[in-house]
2 protein chains.
Amino acid sequence: MSAQNAAPSVGDGGAAALQQLAGRHATGYRSVGVMVYDILKDAILSGALLPGQKLRQETLAELIGVSRLPVRSALIQLEADGLVEFHERRGAVVKSLSPAQAAEVYDIRLLLEVEALRLTMAELTDERVARLRELGKAADRQQEGADFVDARTEFYSELYDAANRPVLWEMIEQLRLKVGRYVLGWRLVGDAEHSHTHEQLIEAVASRDVERAVGVLRDHLVGVREAVLELLEAEAADAGGPAPRVRSPR
Amino acid sequence: MSAQNAAPSVGDGGAAALQQLAGRHATGYRSVGVMVYDILKDAILSGALLPGQKLRQETLAELIGVSRLPVRSALIQLEADGLVEFHERRGAVVKSLSPAQAAEVYDIRLLLEVEALRLTMAELTDERVARLRELGKAADRQQEGADFVDARTEFYSELYDAANRPVLWEMIEQLRLKVGRYVLGWRLVGDAEHSHTHEQLIEAVASRDVERAVGVLRDHLVGVREAVLELLEAEAADAGGPAPRVRSPR
DNA sequence: GCACCCCATTCTGGATCCAGAATTCACGAA
DNA sequence: TTCGTGAATTCTGGATCCAGAATGGGGTGC
């Protein structure tokens, strides 16, 4: 909690929140580069760094307390993840997702996750179901920032891991990352009706009812898709408002 | 170009071929980093750098004629592309694909490309078909190294571009990249029977016959999948031979 | 003779320094 | 008053330098 935490506005660029994240990640890292990567990823997913935000290497380096080099490494990785965007000789900004792109992400996820779920359910064991119940409950407890995304990632990782399709999971994970920041926004404004999705999904899975499980997953994804699109279009509507556009900051 | 082009064996690490590639990419680049990225990508796709090959930054930097820093940037990007693999504090190696992973890639491509093709054919114009004929012919002319992959990438880019699904295309492109190096190997050993795939696909597309086009695409992907798997399993069989393995840690 | 341990070498990862390009601010002219 | 031009500042991208870890070789002990 730094002193100038009073106004986590656009102007401060999420500096205070970023320093907090830096503190939480400070310990036990093999290399500084991956630490910075994790910090920045969390910052974007948690909303501390908003889409369109300019990411000046010098500033980030100072806030985290490292040199510019690992920051550059992390930014390059994040670019590959689709979370930031490089403008040649003009620096990096947090990538924003258009409604159309978000829609695409969910369409593709539908294809891939249904496939993964079917494959998973052919290889499911009782122990895995038990672990899923645990992770599902743990995920429902996590409500803040990047932990929310991480917990759910763990859940789905365990679920789809039964399919033993690492490449498929990698693709799904990439797609989930792209919309991670917006799902968080959806959770904040959304009602709790979707919170039972995990339970429904787990029960369908546990009872080995493939079609029902696929149905729950499909409904869930379609529902989130709608909510995220609504959020994105609302955000696009009041451009110039609290949502910082790609326009000139400074 | 270089004098010691005599023995492009595994021992030389593709140094001569890499220097050639460096020469071809030398001109007109905005930044050194992306140049190095292109060079290394081409080197891996063309087979100048073989899976399992150690990628020492100093050596690569000297061969290309730049400092180690842009090499590092390029390697990080290539890691995100799934073409190289970092071993913490032990450097990078060209990533090798297991038969199972290759099979996965083709399974996912089948899902995504069929979807992309369907979407494309709903939005197809005559001009695009004409351009596809051109690109198809151009692709069939390219037979060497990374150009082979690039030309086909251009073709499929034009094809799926009609669908106007950038994220979907990005995913497909990623998957194609992962198997690019092996497809090349398949082409080298494979017969020419598949060379008519482009024509068949274009004709089906031109006649607006969705199901036939999907059928051609599906057959093509399944066929290539089989061939690549055969190649990979043969390669895995003579491990310890010319193909350097990933070596046990420690 | 073989195996284990220690030391030297090498290479990665990080920090600091430098050059080129872009943005911004200021000044002047229309 | 406003627009255009030019210079200064700032920031990215690249090069060089340094520290720490891993590997390989050599020596020694069993």
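Residues numbered from 1 in each chain as written. Chains lettered and ligands numbered in written order. Predicted model: local features only at pLDDT ≥ 70, side-chain atom pairs only at ≥ 80, totals over all residues. Heavy atoms only, no water.

- In the nomenclature of an unreviewed UniProt entry, chain A corresponds to DNA-binding GntR family transcriptional regulator from the organism Agromyces terreus.

1. Overview of the confidence of the model for chain A
All names here are of chain A.
Stage number 1. Here chain A averages 85 in pLDDT, while 84% of its residues score no lower than 70.
Stage number 2. Within the model, the stretch residues 1–11 combines pLDDT values under 50 with nine contacts to residues more than four positions away or in other chains.
Stage number 3. Across residues 240–250 the pLDDT falls below 50, and counting only partners more than four positions away or on other chains, this stretch makes 11 contacts in the model. (pLDDT = per-residue confidence, 0-100. Contact = heavy atoms within 4.5 Å.)

2. Examining the protein's contact with DNA strand C
Stage number 1. Close to DNA strand C lie 16 residues; Val32(A), Gly33(A), Arg90(A), Arg56(B) and Arg68(B) are nearest.
Stage number 2. Atoms of DNA strand C within 4 Å of the protein belong to the sugar or the phosphate in 62% of instances, the rest to bases.
Stage number 3. One nitrogen or oxygen atom from the main chain of Gly33(A) is found 3.0 Å from a phosphate oxygen belonging to DNA strand C.
Stage number 4. Gln57(B) has a polar backbone atom sitting 3.2 Å from a phosphate oxygen of DNA strand C.
Stage number 5. Put simply, the parts of the chain that give the surface near DNA strand C at least two residues each are α2 (32–46) and α4 (68–81) of chain A together with α4 (68–81) of chain B.
Stage number 6. For the surface near DNA strand C, the residue count by class is five nonpolar, five polar and six charged. (Near = heavy atom within 4 Å. Polar contact = N/O pair within 3.5 Å; in protein donor to acceptor, adjacent residues only side chain to side chain. Helix = DSSP H or I, 4+ residues; strand = E, 2+ residues; numbered from the N terminus. Nonpolar A, V, L, I, M, F, W, Y, C, P; charged D, E, K, R; others polar.)

3. Overview of the relation of the copies chain A and chain B
Stage number 1. With an RMSD of 0.0 Å, chain A superimposes on chain B once it is rotated by 180° and translated 0.0 Å along the axis. Within this description, the copies of the chain are treated as partners about a two-fold rotation axis. Taking C-alpha positions as reference, the residue of chain A nearest the rotation axis is Ala80(A), located at 2.9 Å.
Stage number 2. Mapped onto chain B, 96% of the interface residues of chain A again fall at the interface, so both copies present the same surface. (Least-squares fit on C-alpha atoms with pLDDT ≥ 70 in both.)

4. Here we look at the interface of chain A and chain B
Stage number 1. On the side of chain B, 25 residues touch chain A, which itself brings 26 residues to the contact.
Stage number 2. Summing both sides of the interface, chain A and chain B together bury roughly 2300 Å²; the carbon and sulfur share of this comes to 67%.
Stage number 3. If you look at where chain A meets chain B, you find two salt bridges.
Stage number 4. We note a salt bridge from Glu170(A) to Lys178(B), for which the minimum N-O separation is 3.3 Å.
Stage number 5. Applying the counting criterion to the chain A and chain B interface returns seven residue pairs in polar contact (both at pLDDT 80 or more).
Stage number 6. Elements represented by at least two residues in the side of chain A that touches chain B include exactly α4, α5 (99–121) and α8 (166–189) of chain A.
Stage number 7. A class-by-class count of the residues in the side of chain A that touches chain B yields 12 nonpolar, five polar and nine charged. (Buried area = accessible area lost by both parts, 1.4 Å probe. Salt bridge = Lys/Arg side-chain N within 4 Å of Asp/Glu carboxyl O.)

5. Comments concerning the packing of helix α7 (residues 145–161) of chain B against helix α9 (residues 197–206) of chain B
Residue and element names in this part refer to chain B.
Stage number 1. Where α7 contacts α9, the axes come no closer than 13 Å and their chain directions differ by 10°. In terms of orientation, α7 and α9 fall into the roughly parallel class. Residue-level contacts link Arg152, Phe155, Tyr156 and Leu159 of α7 to His198, Leu201, Ile202 and Val205 of α9.
Stage number 2. A per-class count over the contact of α7 with α9 returns six nonpolar, one polar and one charged. (Axes fitted to C-alpha atoms, helices over the stretch in contact; angles between N-to-C directions. Parallel < 35°, antiparallel > 145°, perpendicular 65-115°, else oblique.)

6. As for unusual backbone geometry
Backbone geometry follows two general trends: most residues other than glycine have a negative phi, and most peptide bonds adopt the trans configuration.
Residues and elements named next belong to chain B.
Stage number 1. Positive phi, close to 55°, is recorded for asparagine 164, a residue that is not glycine.
Stage number 2. Tracing the backbone through its elements, the reader meets asparagine 164 in the loop between α7 and α8 (166–189).
Stage number 3. The class of asparagine 164 is exposed, set by a relative accessible area of 59%.
Stage number 4. If you check the backbone angles, arginine 208 has positive phi at about 60° while not being a glycine.
Stage number 5. Its location among the elements puts arginine 208 in the loop between α9 and α10 (210–237). (Buried < 20%, exposed > 50% of the residue type's maximum accessible area, 1.4 Å probe, protein only.)

7. Points about the sheet that holds strand β2 (residues 84–87) of chain B
All names here are of chain B.
Stage number 1. Read across the sheet, three strands follow the order β1-β3-β2 without closing on themselves; strand pairing throughout is antiparallel. Every interior strand has two partners, whereas the edge strands, β1 (54–55) and β2, have only one.
Stage number 2. The pairing of β1 with strand β3 (residues 91–94) spans two bridges and is antiparallel. By the bridge assignment, lysine 54 is partnered in β3 with valine 93. (Pairing = 2+ DSSP bridges.)

8. Section: helix α1 (residues 15–24) of chain B
Stage number 1. Buried within α1(B) are the following residues: Ala15(B), Ala16(B), Leu18(B), Leu21(B) and Ala22(B).
Stage number 2. Close packing links the buried residues of α1(B) with α2 (32–46) and α3 (57–64) of chain B.

9. Digging into the sheet that holds strand β1 (residues 54–55) of chain A
All names here are of chain A.
Stage number 1. Within the open sheet, the three strands sit side by side as β1-β3-β2. Their pairing is antiparallel. Strands at the two margins of the open sheet, each flanked by one partner only, are β1 and β2 (84–87).
Stage number 2. α4 contacts β1, β2 and β3 (91–94) of the sheet and is inclined by roughly 110° relative to β2.

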